[in-house]
Amino acid sequence: MRYPSRSAGAAAGLALSASALAYGAGGVDGRLPSALSTGFVVLAAVPALAALRSLQRGARRDTERIKVVGGSLVRLERKAAPLERRLGALERRIGALEVAGGARHAESLGAVAGSRELMEREFARVRGECRSLDRELRRSYTQMEAFADLRALISPRAPLPPLRGWAASPDVLRMMVGWVLRARPKTIVECGSGSSSVWMGYVAEQVGATVVALEHDPRYAEASRDLVRAHGLSAVVEVRDAPLELWESGAETYRWYSSQALEGLADIGLVFVDGPPGDTGPAARYPALPLLLPRCSEQVAVFLDDAAREGDRAVSDLWAARFPEVVRTAYAAEKGLDVFVRSRV
């Protein structure tokens, strides 16, 4: 607010002094003429009115200025409102970006974690495959060594049948050939026929032994006989048809080779148990030892192939428990091999 000017202030002061003088004179001497008193009053009122008008003019100017300032404030408020709205929108966008950024960050972290887990699983799988491949390479090398040894011991007259798979593995054949060359048995019995019949036939030919192969499948028996004939081993290897029949031992019942197929067998020095197939019944190969051991020589070795399989492990355990006269030795052959030896010499 603007203050009154100095002239307005002086006029006001003069008016107030005149009023005071008139009032004082009247008080001193009430006999002064009323006209004089009135003159003093008028004289005092003129400057007062001038001061009042000056004050009014200052007040109007201040009012106008207040209006101008108020209008400026209103305009500023109007201009500020859109800025506030834009600022609010900007804050909301920033908040949304922070939320979205946090979500994307969390999503990225989740993707990284998932990728890491997937990579770890893949690495574990690859490591497992590498270990499996390493084991297979070692097995293959062992079989190649055994095959080389076998191949050096015979001079085949026809292409040799393949080994491994359903047929005997070279490591098992090498152990049996080693036994034949040391013990020189008179009779070799195979439970099952096939590739091993030919390989064992060549070794039996060298030591003067005979091989009898028991085969329950007529078609497979004929195929084995064709192999034997192709190699000129018919005089050494006999493939007998031996259909499966029931055989009982106490409360246990098995399906094993026909008893007629065992006629004439004696002085057996090696038994290769590679049949009947495991799907013919539980512990399907168990009857081999109780039925053939009485026909064996004092020194005999019984080779149980596929000893790593559950059913054949059970057979091996039963033999070890029920026939203490034979000593079991387990070998880490390709498909597992347990050898039972009786030696009374």
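Residues numbered from 1 in each chain as written. Predicted model: local features only at pLDDT ≥ 70, side-chain atom pairs only at ≥ 80, totals over all residues. Heavy atoms only, no water.

**A few points about the pattern of salt bridges**
Using the following cut-off: For this analysis, a salt bridge means a side-chain nitrogen from Lys or Arg found within 4 Å of a carboxyl oxygen belonging to Asp or Glu. A helix here means a DSSP run of H or I that spans at least four residues, while a strand means a run of E at least two residues long, and both kinds are numbered starting from the N terminus. Relative accessible area decides the class of each residue, using a 1.4 Å probe on protein chains only: under 20% of the type maximum gives buried, over 50% gives exposed, and in between gives partly exposed.
Applying the stated criterion to the full structure yields 20 salt bridges. In this structure, E205 engages R157 in a salt bridge whose closest nitrogen and oxygen atoms are separated by 3.2 Å. With E205 in helix α4 (residues 195-207) and R157 in the loop between α2 (34-153) and α3 (170-183), this residue pair connects regions lying 48 residues apart in the sequence. Residue classification places E205 among the partly exposed positions, given a relative accessible area of 36%. With a closest N to O distance of 3.2 Å, R322 and E252 form a salt bridge. Of this pair, R322 sits in helix α7 (residues 310-322) while E252 sits in strand β5 (residues 252-257), placing them 70 residues apart in sequence. Among the residues examined, E252 registers a relative accessible area of 26% and is labelled partly exposed.

**Some points on the confidence of the model for the chain**
Here is the rule we go by: Confidence per residue, as judged by the predictor, is encoded in pLDDT with a range of 0 to 100. Here, residues are in contact when the closest pair of their heavy atoms is within 4.5 Å.
Looking at the chain, pLDDT values average 82 and 81% of them are 70 or higher. With pLDDT under 50 throughout, residues 35-42 is counted as low confidence; its partners more than four residues away or in other chains account for three contacts.

**Looking at a nonpolar patch on the surface**
Cut-off, in case you're wondering: To count toward a patch, a residue needs a relative accessible area above 30% and no salt bridge. Like charges then connect within 9 Å, nonpolar side chains (Val, Leu, Ile, Met, Phe, Trp, Tyr) within 5 Å. Residue exposure ignores everything except the shown protein chains as possible cover, and the areas themselves are Shrake-Rupley values with a 1.4 Å probe.
A cluster of nonpolar residues, L87, L90 and I94, forms a patch on the protein surface that exposes about 260 Å² of accessible area. Looking at the element boundaries, I94 is found in helix α2.

**Side note on unusual backbone geometry**
Following G275, the chain continues into P276 via a peptide bond in cis, with omega recorded as 0 degrees. Position of P276 relative to the elements: it lies in the loop between β6 (268-273) and α6 (288-292). One non-glycine residue, R184, lies in positive phi territory at about 50 degrees. In this structure, R184 sits in the loop between α3 and β1 (187-191). With phi around 60 degrees, D306 is a residue other than glycine that occupies positive phi space. Inspection of the secondary structure puts D306 in the loop between β7 (296-305) and α7.

**A closer look at the sheet that holds strand β2 (residues 210-215)**
Operational definition: Pairing between two strands is assigned when DSSP locates at least 2 bridges connecting them. To get an axis, a line is fitted to the C-alpha atoms, and for a helix only the part in contact is used. The angle between two axes follows their N-to-C directions and goes from 0 to 180 degrees.
Sheet architecture is open: seven strands sit in the order β3-β2-β1-β6-β7-β9-β8, paired in mixed fashion. Of all the strands in the sheet, just β3 (237-241) and β8 (327-331) have a single pairing partner and so form its edges. Averaged over all pairs of adjacent strands, the angle between strand axes in this sheet comes to 15 degrees, irrespective of strand direction. Set on the sheet, helix α5 (residues 218-230) makes contact with β2 and β3; between it and β3 the angle comes to about 170 degrees. Across the sheet, α7 touches β6, β7, β8 and β9 (337-343), and the angle it forms with β7 is around 155 degrees.

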